[in-house]
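For reference, the chains in residue letters:
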Amino acid sequence: MKAPFVLAAGLLMLASTTAHSEVYRHVDAYGNVTFSDEPMEGGEEVQVKPVTTITLPKPEAVQEAEQLRERVEREGAAYQAVSFQYPANEQAFHSGNGNVTFEVQSTPPLKRGHKFEVTLDGQPVGQSSSGSVAVSNIDRGTHNAGVHIVDENGVRVKSGNSITFTIHRPSVLN
């Protein structure tokens, strides 16, 4: 009964740490797992992946609908297109761990303060100004992805065509 509690507490500690802190894992002779931010004898350092963050629109930006619509039209008009470079539409590929790095681009390149936003099955999954958005552990099957350009307030100013792709992953039943 104590082991599940220790494991749950450890996972909570792991989830609440920042990407820059160090996390250590230790398993005692009884199989109890302990996580800590301090090194332990016989413990090993755990690599914590960075957390994906998404900038949502500020409430005051959403409330000013008419000015927002005009600004979106003005800023969106600066871009001719935004699109996926990878994966291609209707592409099927193997990804044992479900990780996919979406490559996107715009014409002309992004303006200062703007970012690319990728959505997966209608939900935002990442933003980047570099044109590369990595998404981890996507379930096997067919998915829809969308690409948008968002401004510094998280407001979408331009959207590109969505794509459909299929990920083949090993089944947990096999």
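All of these numbers come straight from a predicted model, not from anything done at the bench.

Peer 1: Hey, could you run me through the sheet that holds strand β4 (residues 81-86) in this one?
Peer 2: What links the strands of a sheet is backbone hydrogen bonding, and the strands pair in either a parallel or an antiparallel sense. In space, the three strands of this open sheet follow the order β4-β6-β9, with antiparallel pairing throughout. The sheet is open, and its two edges are formed by β4 and β9 (132-135), each paired on a single side. Recorded for the sheet is a direction-independent mean angle of 30 degrees between the axes of neighbouring strands.

Peer 1: Is there a simple way to think about the pattern of salt bridges in this case?
Peer 2: Opposite charge on two side chains permits pairing when their charged atoms draw close. Counting across every chain of the model gives two salt bridges. Here Glu 44 makes a salt bridge to Arg 25, at a shortest N to O gap of 3.8 Å. Here Arg 25 lies in strand β1 (residues 23-27) and Glu 44 lies in strand β3 (residues 44-46), a separation of 19 residues in the sequence.

Peer 1: How do you make sense of the sheet that holds β3 when you look at a structure like this?
Peer 2: In spatial order, the strands read β2-β1-β3; together these three strands make up an open sheet with antiparallel pairing. Either end of the sheet is taken by a strand with one partner, and the two such strands are β2 (33-36) and β3. Averaged over neighbouring strand pairs, the angle between their axes works out to 35 degrees when direction is ignored. Inspection of the sheet shows β1 paired to β3 by three bridges, in the antiparallel sense. The residue bridging Arg 25 from the neighbouring strand is Glu 44, located in β3.

Peer 1: Where do I start with the layout of surface pockets in this structure?
Peer 2: Gaps left between atoms show up when a probe the size of a water molecule is rolled over them. In this model, the largest pocket occupies a volume close to 350 Å³. Along the walls of the largest pocket sit 18 residues, with Pro 50, Val 51, Thr 52, Val 125 and Ala 134 positioned nearest its centre. Those elements giving two or more residues to the lining of the largest pocket turn out to be β6 (100-107), β8 (123-128) and β9. Residues from two domains meet in the lining of the largest pocket; each of domain 1 (22-53) and domain 2 (59-167) gives at least three.

Peer 1: Explain unusual backbone geometry to me, please; I cannot follow it from the model alone.
Peer 2: When glycine is set aside, most residues are seen to have a negative phi, and most peptide bonds are trans. In this structure, Pro 87 follows Tyr 86 across a cis peptide bond, with omega equal to -5 degrees. In this structure, the amide linkage connecting Thr 107 to the following residue, Pro 108, adopts the cis form with an omega of -10 degrees. Relative to the helices and strands, Pro 108 is located in the loop between β6 and β7 (115-120). Despite not being glycine, Glu 90 shows a phi value in the positive range, around 70 degrees. For Asp 121, which is not glycine, the phi dihedral falls at a positive 50 degrees. Mapped onto the elements of the fold, Asp 121 is located in the loop between β7 and β8.

Parameters at a glance
- Residues numbered from 1 in each chain as written.
- Predicted model: local features only at pLDDT ≥ 70, side-chain atom pairs only at ≥ 80, totals over all residues.
- Heavy atoms only, no water.
- Pairing = 2+ DSSP bridges.
- Helix = DSSP H or I, 4+ residues; strand = E, 2+ residues; numbered from the N terminus.
- Axes fitted to C-alpha atoms, helices over the stretch in contact; angles between N-to-C directions.
- Salt bridge = Lys/Arg side-chain N within 4 Å of Asp/Glu carboxyl O.
- 1 Å grid on protein atoms, 1.4 Å probe; cavity = no way out; pocket = protein on both sides within 12 Å on 5 of 7 lines; lining within 4 Å.
- Points joined across faces, edges and corners; volume = space filled by probe spheres on them.
- Domains from an automatic or database assignment.

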